[in-house]
Structure formats: structure tokens, C-alpha cells
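Notes for the structure review
One-letter residues, chain by chain:
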Amino acid sequence: MTVAKTGAEHIASLRDGRTVYIDGALVEDVTTHPAFKNAIQSSAALYDYQARPENIEMMTFMPEGSNRRVNRAWQMPKSYEEMVTRRRALQAWSRVHYGFMGRSPDHVASALIGQRMGIEVFRKHGPQRAKALEDYVDYATKSDLFLTYVIINPQAERAKNWGDQVSDLVARIVDEDSTGITIRGAKMLGTSSIMANEILVANLQPLKQGEEDLAFSCALPMSAKGIRVLSRKSYEASAVSVFDNPLSSRFDENDALVYFDDVKVPWDRLFVYRDTDVCRQQFHETWGHSYQNYQAQIRLSVKIRFLAGLARKLTEAIGTTNIPSVSEKLGYMAAQASMVEAMLSGMEASGTKAGEYWVPNKHFMYSAQVLTQDLYPQFVNAIRELSGGALIMLPSSIKDFGDPMINKIIQTTQRAANLEPADKVKFLKACWDAVGSEFGSRHQQYEMFYAGARFVTAGHSFRTFDWNNATSMVENLMASYSLENEMNGLKH
Ligand SMILES: Cc1cc2nc3c(=O)[nH]c(=O)nc-3n(C[C@H](O)[C@H](O)[C@H](O)COP(=O)(O)OP(=O)(O)OC[C@H]3O[C@@H](n4cnc5c(N)ncnc54)[C@H](O)[C@@H]3O)c2cc1C
């Protein structure tokens, strides 16, 4: 047995008979299918990265009672220093995919350790549900599982309650017996579900009394009987070469509607059972929501830095870096990229102790989420503005280089002060893949919505801000003068 999980081990674990559909057909083996195989190789590269002797200490730790090291995403920090050590590991992992794999294995691991830190919520709900969660987090940690989650209901008729949607649309409990419950219906959007080992199924959106059938949370292997994964269009499948599509050909983590077709959930995999309040508490009264979204900001810090690098190199490729308005724009982007990192540092440094654990500053985390929802499209737009037609005036594909006449024209027309023509084309194609391709466009949608629409994230910010601290200063000012006093002063 290797010292930590490897890529080969991860790939082998995905040949488990899971039910994935794409383009009207059942996928026999996700690890070899042209729609998924490169993304799966990229997820495997994460495990190979952590298992390398030079990375093992930075990337992994030994859980108590285990004989094998696992990724630091599973580590529950007990101090500020441990939190920073863990974050450095997560940033190093993100650099492997330049921040483009939003649901890399550290995302749901972060959610679960945060929930485990708040085990009291589950104990109040019931000792068996608390034991199920404790045992599951222990198992997932020691196995270094790749988990994804579906915690959002399919966007259907938004003006209706979840419980009033047509039957079999939103996943709900339809039966139960001495061995567990049975669920039927859908959840969205199982990002990475084609390449995860297991899936956490829960309900983050508010539920009303009477919607108890929808109020459950559980974890299931992706191969559980009845789980049907309906993949969206694969960008990887149409990425004709790595040279033409260096990101979409390798980091298309996939998103899917997940349909639970009478799936049996054993009691020891059930964490919330028919309780609409505990569904919300599972995320918001534990540290689950904080840790999952703190991880998302860690990943984003890497992606924004990468995009800032693209912007700078783009201006070098077209020779505009030193035009004052261009360097001003780059300076603004640099400030935005650094703000993401500074907010991360702020979340950590002004974190607090919750029991024995160190947890990030909740309001700083929500502020970062709200601000970066806007920042990402601004960043993408800034790169487009800096580029002009450069991202379009490109050979149709790598095949153009194979024709001597076309190649000669490419060599004449793709000019840059600091790049050979082929290198210029290579770089500009990477830029387009990041910000303009269908893959790049999906990333904009992801960064704007993965944690909820604006009204949801701003609502969290509204609730967690220290309003008293702000309004008391205003009250102090108001108390420092009055109409009466001033009128009296005028009389004398
Ligand atoms: C690329 C991508 C990947 C994702 N991956 C996952 C995943 O892995 N797991 C998972 O669980 N989820 C995932 N999601 C789902 C994501 O969490 C949801 O998209 C998000 O929570 C928003 O919910 P919604 O799509 O239903 O949009 P809605 O909440 O319906 O919002 C859409 C828009 O409708 C309007 N609106 C709707 N309701 C209101 C209201 N009450 N007040 C004001 N305005 C309103 C607003 O304009 C809003 O911007 C993913 C989403 C995307 C785009």
C-alpha cells in the first residue's frame, strides 16, 4: 500500500458500475469515455501530486487511528497555524488545475469537517443521526474519498414551494422500512459527480413545515442502485486538441442532473431525517457552510491570480503593456487579485475558536463571496477588453500548421515582440479557452452561482454583519448634538 492515495487508485475506484448518461447513451466506463477521461486524469493527477515524496508532508496528514496519510482537506484545524498549513495545501492542489476544478475533492471534504465540528446540532436531532455522521466522516477521511454534493433542488417553477412541484421532480422520501429510507426525484447540479466516489445529498434551501418528505440528508456511493447521472454537454469531447483548448480538454469537471430512481439509503448513511429546521442547521449552525465556502475562496485566489497572469501576458503578446491606460487597468486587476488573497488572510487571522477548533471569520467569508461573484465577470470582461480581436484572429485548429502555405501565412501574421508565432497562437488560444469558450462561459456562470444567487449570498452577508458596531457610531454622533441645545445656544 502506498503512503497516500494515488491517481491510479482513484481511477480504479471509478470503475464501479455507476450509471452515467450522455448524448442519449449509457456510459460503460467513465474513465475511458471521450467526454470524461481527461478530466478524470486531472483528478487523478491531484492524488499523484499529494503522494509525491516531496509533497507528502505539505499535502497530507495522518488521521488519528489510521495507518495511511490523507489530504489535509480532512484536517480539522485546532489553531490559526493549523488553518494556514491546511490552506497552503489546498492552494497547492488548486494550482494543479489553475483553480478551474471547482468541485475538486477538497470542497465537500471541507463541508463535512465543518459539519463534524458542529456535531451538537446532530446530537440534538437524534443520537443515531449524530453517530451516522461521525462514523461517515471518519470513514470518508480515512479512505480519502472524493465526494461531491447535491444540496440544491432542480430549478423548476420558482414561484411555487418545493413541496408543490410536480411529483417525482424534487428528491423526497417515498418509503422507509427497518433497513432505511427510499428516495425518488432529482437534485442539481452534481458537479464532478462523474468522477467522485460518493455523493452527499442534502437540502440547503429553506423548507416549510409540511415539506418533511424533502427534509433529509445522506451520503451514497455513486454506484448505488438507482442513481442516474444525466451529464450536461461535454466540452472536453469537442476540445479537438490540448494545443487548441488547453483548459477545456483537461479540466472540464462536468455538471449533471442527478436523479434518484427509488434509491435505498441505509439508516447508518442518514444524517438528517424529516426535519426541515435541521436541514438548514446542518450547514448554518455547524461550521459546514463556512468551511465549504472558505475552501471555494482558497481555490478562487489561485484562479484569479492565474487570470491576472493571463491578462499581463496578453498585453505583452500584443505590445500594449506600457500604454498608461493599459497599465492602469492591469494595476486595478492586480489590486482585485490581491483583495481575494487579503480577504482569505483576514478570514483566518480574525477567525475564532469554536470548541477545540479554529474557524474562519464568517462575515468576512460571506463578504468575499458577495464581492467575488461580481469580481469574476469583471475580470473576464477586463481580459476581453485588453484583447481586442487577438483572441479571435487565430488559426482554426492545430491542423492549419500542417499545411505549408497556411503555415507560412501564420508565421507572417501572428507577430509579437516577445513570442514566436506558434507560441503566440498557443498562448492566445489558452486565453480564449479561459474566458471566451463554452468552457470559459460555464466558468463565469459557476463563479456567479455556485454558492447561490446574489439575493442568497447578500442575505448571508446582511445577517452576519456586526450592525450594532456600525449603527452605535451613528447613534453616538446623534447623541453628541441636539436641536434643543443648539436653539438654546442661539438665544444667548
Ligand atoms: C456551473 C454550476 C455548477 C453547480 N454545481 C453545483 C453542485 O455541485 N452542487 C449543488 O448542489 N449545486 C450546484 N449548483 C447549483 C447552484 O448552487 C445554484 O445554481 C444556485 O444555488 C442558484 O440556484 P438556482 O440555480 O435555482 O437559481 P435561483 O435561485 O432560481 O436564482 C436565479 C435568478 O432568479 C432570480 N430569483 C429567484 N428567486 C429569487 C428570489 N426569491 N428573490 C430574488 N430573486 C430571485 C434572481 O435573478 C436569481 O439570480 C451549480 C450551479 C452552476 C451554475
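Residues numbered from 1 in each chain as written. Predicted model: local features only at pLDDT ≥ 70, side-chain atom pairs only at ≥ 80, totals over all residues. Heavy atoms only, no water.

**Remarks on the site of the ligand**
Cut-off, in case you're wondering: One heavy atom within 4 Å of a molecule or strand is enough for the residue carrying it to be called near that molecule or strand. As used in this structure description, the phrase polar contact means that two N or O atoms lie within 3.5 Å; if the pair is within protein, one of them must be able to donate a hydrogen and the other to accept it, and residues adjacent in sequence are counted only when both atoms belong to side chains. Calculation of accessible area relied on Shrake-Rupley with a 1.4 Å probe; when residues are assessed, cover is drawn exclusively from the protein chains displayed. Put simply, the grid is 1 Å and covers the protein atoms alone, a cavity is a trapped set of points that fit a 1.4 Å probe, a pocket is an open set with protein on both sides within 12 Å along at least five of seven lines, and lining residues have an atom within 4 Å of a point. A molecule is counted as occupying a cavity or pocket when more than half of its atoms fall within 2 Å of that pocket's grid points. Starting at the N terminus, helices and strands are each numbered in turn, a helix being any DSSP run of H or I of at least four residues and a strand any DSSP run of E of at least two. For this classification, Asp, Glu, Lys and Arg are treated as charged, while Ala, Val, Leu, Ile, Met, Phe, Trp, Tyr, Cys and Pro are nonpolar and the rest, including Gly, are polar.
In the vicinity of the ligand lie 19 residues, with Arg103, Ile151, Arg158, Leu189 and Thr191 positioned nearest. Side-chain polar atom of arginine 158 to an oxygen atom of the ligand: 2.5 Å apart, as the coordinates give it. Residue tyrosine 450 places a main-chain N or O atom 3.4 Å away from an oxygen atom belonging to the ligand. The protein chains hide 72% of the 960 Å² of surface that the ligand would expose on its own. A molecule is said to occupy a pocket when more than half its atoms come within 2 Å of that pocket's grid points, and by this definition the ligand occupies the largest pocket. Taken together, the elements giving at least two residues each to the shell around the ligand come down to strand S5 (147–150) and helix H14 (438–449). Element by element, the count of residues in the shell around the ligand is highest for H14, at four residues. Looking at side-chain class alone, the shell around the ligand contains 11 nonpolar, four polar and four charged residues.

**What about unusual backbone geometry?**
Counted only if it meets this: In this scheme, a residue with accessible area under 20% of its type's maximum is buried, one over 50% is exposed, and one in between is partly exposed, where area comes from a 1.4 Å probe on protein chains only.
Residue leucine 189 is reached from methionine 188 by a cis peptide bond, and omega for that bond is -20°. The topology assignment puts leucine 189 in the loop between strand S7 (180–187) and strand S8 (198–201). Of note in this structure, aspartate 144 is not a glycine but carries a positive phi near 50°. Position of aspartate 144 among the secondary structure elements: in the loop between helix H7 (127–142) and S5. Judged by relative accessible area, aspartate 144 falls into the buried class, the value being 3%. Not every positive phi belongs to a glycine, and arginine 274 is a case in point at roughly 50°. Within the secondary structure, arginine 274 is located in the loop between strand S12 (270–273) and helix H8 (276–284). For arginine 274, a relative accessible area of 29% corresponds to the partly exposed category.

**Quick notes on empty space enclosed by the protein**
The probe, sized like a water molecule, is rolled over the atoms to show the empty space still left. Here is the rule we go by: Grid points are joined across faces, edges and corners, and a volume is the space filled by probe spheres set on the points.
Summed over all chains, the structure comprises one cavity of 30 Å³ or more. Taken as a whole, the largest cavity holds about 50 Å³ of empty space. Elements that contribute at least two residues to the lining of the largest cavity include exactly helix H11 (362–387) and H14. Of the residues forming the lining of the largest cavity, the biggest block, four residues, is contributed by H11. Its residues assigned to classes, the lining of the largest cavity shows six nonpolar, three polar and one charged.

**Quick look at the UniProt feature "binding site: FAD" (unreviewed entry) in the chain**
Heads up, the condition is: UniProt positions are given in the numbering used here, feature names are shortened, and annotations may be inferred rather than shown by experiment. Pairs of residues are marked as contacts when any of their non-hydrogen atoms sit within 4.5 Å.
As recorded in UniProt, the feature "binding site: FAD" (unreviewed entry) lies at Gln155, Ala156, Glu157, Arg158 and Thr191. As for the annotated residues, the ones lining the largest pocket are Gln155, Arg158 and Thr191. Relative to the assigned elements, glutamate 157 resides in the loop between S5 and strand S6 (172–177). Overall, glutamate 157 belongs to the partly exposed group, its relative accessible area being 43%. Structurally, arginine 158 can be placed in the loop between S5 and S6. Non-local contacts of arginine 158, meaning those with residues more than four positions away in its chain, are made with Gln205 and Phe455.

**Observations regarding the nonpolar core**
Going by this rule: Only buried residues count toward a nonpolar core. Its members are Ala, Val, Leu, Ile, Met, Phe, Trp, Tyr and Cys residues joined through side-chain atoms within 4.5 Å. Domain start and end points were adopted from an automatic or database domain assignment.
In this structure, Phe36, Ile183, Leu220, Ile227, Phe260 and Leu307 are the most contacted members of the largest nonpolar core, which totals 77 residues. Taken domain by domain, the makeup of this core includes at least three residues from each of domain 1 (7–284) and domain 2 (288–468). Membership of the second largest hydrophobic core comes to 52 residues, among which are Leu147, Ala219, Phe283 and Ala368.

**Thoughts on the domain arrangement of the chain**
Interface size is commonly expressed as the accessible surface area that is lost when the partners come together. Selection criterion: Two parts placed together each lose some accessible area; with a 1.4 Å probe, that loss summed over both constitutes the buried area. Throughout this description, the term salt bridge denotes a Lys or Arg side-chain nitrogen within 4 Å of a carboxyl oxygen of Asp or Glu.
We note that the domain assignment places domain 1 (7–284) and domain 2 (288–468) within the chain. Three residues stand out in domain 1 for area buried against domain 2, namely Met83, Phe100 and Phe243, and they jointly supply 18% of the buried area on that side. The closest approach of N and O atoms between lysine 233 and glutamate 438, which form a salt bridge, is 2.7 Å. Connecting domain 1 to domain 2 are 21 residue pairs in polar contact (both at pLDDT 80 or more). Only helix H4 (80–96), helix H5 (105–117) and H8 provide two or more residues apiece to the side of domain 1 that touches domain 2. Tallying contributions element by element places H4 first for the side of domain 1 that touches domain 2, with nine residues.

**Let's talk about the packing of helix H9 (residues 288–318) against H14**
To keep things clear, this is the line we draw: Only the stretch in contact is used when a helix axis is fitted, and all axes are lines through C-alpha atoms; the angle between N-to-C directions ranges over 0 to 180 degrees. Two helices that cross are described as forming a left-handed crossing if the nearer one is turned anticlockwise from the farther one by less than a right angle, and a right-handed crossing if clockwise.
Following both chains from N to C, one finds H9 and H14 inclined at 140°, their axes separated by 13 Å at the closest point. Where H9 crosses over H14, the handedness of that crossing is left-handed. Note on element contacts: H14 touches H9 through His443, Tyr446 and Glu447, opposite Arg299, Leu300 and Lys303. Considering only residue class, the contact of H9 with H14 consists of two nonpolar, one polar and three charged.

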